[in-house]
Amino acid sequence: MNKLLAVALGMVLVPCLLMAAKGEGKAARKQQIQERKAFNEQQKAERKAQKDALKTATPEQRKEAAKQFKETQHQENKAFNAKQHDENMTCLNERLTKSKLSDAQKTELTSFFESQYQENVSYRDGRHQEVMGFFEKTANDTTLTQEQKKASIKAYMDEWKTKNQAHRTEQKTENQEMKNKFKPAGTAIGSGSTEVPATGN
């Protein structure tokens, strides 16, 4: 399950401040990284506590508790990602007010990043539902031994890891294309340039 969470968290929001050369942009980025790290550690500790608490439970109790626990952590991830996205969009809008981009370009940028974020929300929700369905189907398959179930889940999660990497690569490419579209030889947004900040959702 750690691999699933690591893959999911690998798709977290990247702040719009990545282009800032120094100052508050770097500080805000550093703060979001620290918040993400603390959030990851908290969820890891919760998973361990959950596993320990279920050692004496029946298989049926463990299965139901695990299902509820995974759903809870999924919702926590959604809320955390939304919080960081809101912070990123606030930052982007603040920086855009100081840029020389036209209103149409500013709208295009904010629409692009909002759309990309919504795509990510949809992607993660779809992945979560598919993974949960696979786990339940595998857990209920009486023709498989426990080792076969573990091997099947591992192979399935490795496949998802590849899909997630392809999704992230596609988004990075889209971000770079958007950045290149607006990037003249100049300085970062917020200092009077027309350069787009690097952001991802």
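Each remark here, short or long, concerns the structure printed above.
Residues numbered from 1 in each chain as written. Predicted model: local features only at pLDDT ≥ 70, side-chain atom pairs only at ≥ 80, totals over all residues. Heavy atoms only, no water.

S.K.: For this particular structure, what's the right way to read the nonpolar core?
M.R.: When a protein is soluble and globular, its nonpolar side chains tend to lie buried together. Met 89, Leu 92, Leu 96, Leu 101, Leu 109, Phe 112, Phe 113, Met 178 and Phe 182 together form the largest nonpolar core, which totals nine residues. When contributions to this core are tallied by element, the ones reaching two or more residues are helix 3 (59-97), helix 4 (103-139) and helix 5 (146-182). Residues Phe 134, Tyr 156, Met 157 and Trp 160 belong to the second largest nonpolar core, which totals seven residues. (Core = buried A, V, L, I, M, F, W, Y, C linked by side-chain atoms within 4.5 Å. Buried < 20%, exposed > 50% of the residue type's maximum accessible area, 1.4 Å probe, protein only. Helix = DSSP H or I, 4+ residues; strand = E, 2+ residues; numbered from the N terminus.)

S.K.: Teacher, can you tell me more about the packing of helix 3 against helix 4 here?
M.R.: Packed helices, taken two at a time, are described by the angle between their axes plus the distance between the axes. Helix 4 packs onto helix 3 with a crossing angle of 170° between their chain directions and a minimal axis gap of 11 Å. The angle between helix 3 and helix 4 falls in the class roughly antiparallel. Grouping the constituent residues of the contact of helix 3 with helix 4 by class yields 10 nonpolar, eight polar and 10 charged. (Axes fitted to C-alpha atoms, helices over the stretch in contact; angles between N-to-C directions. Parallel < 35°, antiparallel > 145°, perpendicular 65-115°, else oblique. Nonpolar A, V, L, I, M, F, W, Y, C, P; charged D, E, K, R; others polar.)

S.K.: Please explain the pattern of salt bridges as it appears in this structure.
M.R.: Pairing between side chains of opposite charge can happen when the charged atoms of each approach one another. Within the structure shown, the criterion is met by 10 salt bridges. For Glu 136, the salt bridge goes to Lys 67, with nearest N and O atoms at 3.5 Å. On the criterion of sequence distance, the pair formed by Glu 136 in helix 4 and Lys 67 in helix 3 is long-range, its members being 69 residues apart. Lys 154 is paired through a salt bridge with Asp 158; the nearest N and O atoms lie 2.9 Å apart. With a gap of four residues between them, Lys 154 and Asp 158 both fall in helix 5, about one helical turn apart. Judged by relative accessible area, which is 29%, Asp 158 ranks as partly exposed. Three or more residues are tied together by salt bridges with common partners; here these are Glu 35, Lys 83 and Glu 87. (Salt bridge = Lys/Arg side-chain N within 4 Å of Asp/Glu carboxyl O.)

Scope: geometric values only; no functional claims are made or implied.
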